[in-house]
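Breakdown of the fold
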Amino acid sequence: MLLDLQLDARPDRAADRARELTGTGIAGLFTFEGPHDVFLPLATAAGAVETDLMTNVAIAMPRSPMHLANAAYDLQLLSKGRFRLGLGSQIKPHIEKRYGATWSPPAARMREIVLAVKAILTSWQDGTRLDFRGEHTQHTLMPPTFVPGPNPYGLPPVLLGALGPVMTRTAAEVADGLLVMPFHSHRHFLERTLPAVDEGLTRAGRSRDDFSIFPQAILAMGRTPEEKATADAAARGLLAFYGSTPAYVPVLEVEGWAEVQPELNALSKVGDIAAMMALVTDEMLSTLAVRGTPEECAAEIQRRFGDHAERVCAYFPGYEPALAQIADLATTLA
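Presented here is an overview of the structure given in this document.

Calculation notes
- Residues numbered from 1 in each chain as written.
- Predicted model: local features only at pLDDT ≥ 70, side-chain atom pairs only at ≥ 80, totals over all residues.
- Heavy atoms only, no water.
- Disulfide = S-S within 2.5 Å.
- Buried < 20%, exposed > 50% of the residue type's maximum accessible area, 1.4 Å probe, protein only.
- Helix = DSSP H or I, 4+ residues; strand = E, 2+ residues; numbered from the N terminus.
- Expected span 1.5 Å × (residues − 1).
- Arc of directions from axis to C-beta.
- Contact = heavy atoms within 4.5 Å.
- Pairing = 2+ DSSP bridges.

The next point concerns the state of the cysteines. In total, this model carries zero disulfides according to the counting rule given. Looking at C297, it has no disulfide partner, and the nearest cysteine sulfur is the one in C313, 16 Å off. Of the residues examined, C297 reaches a relative accessible area of 0% and is grouped as buried. Among the residues examined, C313 registers a relative accessible area of 0% and is labelled buried.

The structure is reproduced here in structure tokens:
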């Protein structure tokens, strides 16, 4: 199984960090839309390393599909055909209060955005007339001055991040692949995610051969007791943050932990991080994250996803394992 890691560096340091991480033998790098732009570090990395690159994810609702298509086209050029455009929706408060954009039902909106981006890229690639007419966005004007022409490396895949059944079905219907949200359990993946994928593919008349699944995993990895304790604490903090969000209740519900979500949410509103972390038990940590040595983490990733995916995206939240341990993880997975 191939390993993708987060490129967790600001743009002016992204090239050096990309060289460090790719030197461990990993297969790809992805960016998260956090404190820095999601595209710029990849543009920097593309000139420094020859590896697969991906946004994971670019928040799509505040952006025009035209902007997304332009960025995807140019990163496909810079990476020489190694780019994947990963899109996500975000929750209503962030769309309205952080981005200052307009909210609408996310699955229908993301379906339209994916289709619009694909229509624009196809128009450029094939020279066909651009005529996309949706409820939220329309693209019917494309003067020759603004047409970049066919991309010599072909069109980049467009992936969609999802957790719930509706968005997961939507991804299977219209996207080239699914980015499985990192806050999930093996049981949720098997009982909720995969059936929704199959339902979406059936609706679209597609098969699993036409669609890629990219699981994501939160790793608490280390060798010494001290390293493991540090990694556990960091992963516990991220799980507490995710668990406080109402959108993630289905994951807790399938494991019988739904009652924890309101408690986490209430504590998040008063900023009691320590109490939030205390609610994440060792059982929850082992179920929702992947823990252990690099070899143990690789074995667990293979157990969870080996029959359904060819690569996995791994997060080391709030701590930084030694490069040698990352290399051991990548080697064992391969």
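Next comes the rest of the account.
Here helix α13 (residues 294-305) is twelve residues long and its end C-alpha atoms lie 16 Å apart, about the 16 Å a rise of 1.5 Å per residue gives. What α13 keeps buried is the set P294, C297, A298, E300, I301, R304 and F305. Each buried residue of α13 sits inside an arc of 165 degrees when the element is viewed along its axis, so together they form one side. If you follow the buried residues of α13, they end up packed against α7 (186-204), β11 (216-221), α12 (282-288), β12 (290-292), β13 (311-315) and α14 (323-333).

With six of six residues buried, β11 lies mostly within the body of the structure. Here β11 shows no split at all, with Q216, I218 and A220 on one side and A217, L219 and M221 on the other all buried. For β11 and β13, the ladder comprises three bridges, and the chain directions are parallel. The residue of β13 that forms the bridge with A217 is A314. Summarising the sheet, β11 and β12 pair through three bridges and their orientation is parallel. Residue pairing for β12: M221 is matched across the bridge by G292.

Our next topic: the pairing of β13. Across the five residues that make up β13, a large majority, five, are buried. On β13, burial covers both faces: R311, C313 and Y315 on one face and V312 and A314 on the other are all buried. One ladder, built from four bridges, connects strand β1 (residues 2-6) with β13; its direction is parallel. Residue L5 lies in a different strand from β13, and its bridge partner there is A314.

All we've got here are geometric facts, nothing functional implied.
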